[in-house]
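If you want the building blocks of each chain, they are given just below.
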Amino acid sequence: VEARRDRERLRETLVRERVAAAATEGELQAARSIQLGMLPPRSDLARFDPRLDIDALLEPAKSIGGDLYDVVRLDDDRVAFLVGDVTGKGVPAALFMALSKALAKSVVLRGQPDLGVAAEILNEELMRDNSESMNVTMLIGIIDLTSGELMLMSAGHEDPLHIVDGQVAIHKLDGGPPFCIVEFPYPQ
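The shown structure was predicted, so the numbers you read here are calculated from the model rather than taken from an experiment.

Taken as a whole and judged by the stated rule, the model has two aromatic pairs. Here the aromatic rings of F179 and Y186 are separated by 5.2 Å at their centres, their planes lie at 65°, and the arrangement is edge-to-face. Each member of the pair, F179 as well as Y186, carries the same accessibility label: buried. Between F184 and Y186, the ring centres sit 5.2 Å apart and the planes meet at 65°, which makes this aromatic pair edge-to-face. For Y186, a relative accessible area of 3% gives the class buried. An aromatic cluster is present here, built from F179, F184 and Y186 joined pairwise through their rings.

Within the largest apolar cluster, 39 residues are counted, with the highest numbers of intra-cluster contacts made by L122, M138 and F179. Secondary-structure elements contributing two or more residues to this core are β1 (67–73), β2 (78–86), α3 (90–109), α4 (115–128), β3 (136–144) and β4 (150–155). No other element matches the eight residues that α3 contributes to this core.

Phi at D165 is positive, roughly 50°, even though this residue is not glycine. Structurally, D165 is set in the loop between β5 (161–164) and β6 (167–170). Owing to a relative accessible area of 77%, D165 belongs among the exposed residues under this scheme. Despite not being glycine, C180 shows a phi value in the positive range, around 80°. Looking at the secondary structure, you find C180 in the segment after β6. By relative accessible area, C180 is classed as buried at 14%.

Cut-offs used in this document
- Residues numbered from 1 in each chain as written.
- Predicted model: local features only at pLDDT ≥ 70, side-chain atom pairs only at ≥ 80, totals over all residues.
- Heavy atoms only, no water.
- Phe/Tyr/Trp six-rings, centres within 6.5 Å; stacked < 30°, edge-to-face > 60°.
- Buried < 20%, exposed > 50% of the residue type's maximum accessible area, 1.4 Å probe, protein only.
- Core = buried A, V, L, I, M, F, W, Y, C linked by side-chain atoms within 4.5 Å.
- Helix = DSSP H or I, 4+ residues; strand = E, 2+ residues; numbered from the N terminus.

Shown next, in the form of structure tokens:
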């Protein structure tokens, strides 16, 4: 009789744990949907501008993470883009990703002509309320679709690749550290 009661208690405990796990999983899936909804859909990227061939795909290692990208029209002929990665994974990285993406877009849209200065402003803004001591690497670019001129700034992000005559090459950038580590005069 005692063994049967123990089995019933264990069964009830298991059911409660399964219900709690399902609720947590549902919350993580909702957070994933919200996070991915903050990024431009691939279909919108494909139609962004006929002079530009752009695509992106984000697949977090966990259900949510800290990777980000965005594309912003500055005027009829100039487009800004950014790619970034927040340290860590999970909910904290996703929240800092949302903050980083929103602030980066805001700073770029202010029209600062020098990406280095824009990066310094963004770094200052991100460092202001960063109690968790997270950081983010970021590559920001502005392309002039009329002239083809490309301005780039890297804050600890991997160097971009470019293709010339079918050959892939690394485009070495003089960059700076990831954002939120130290104040730095980022070069454009």
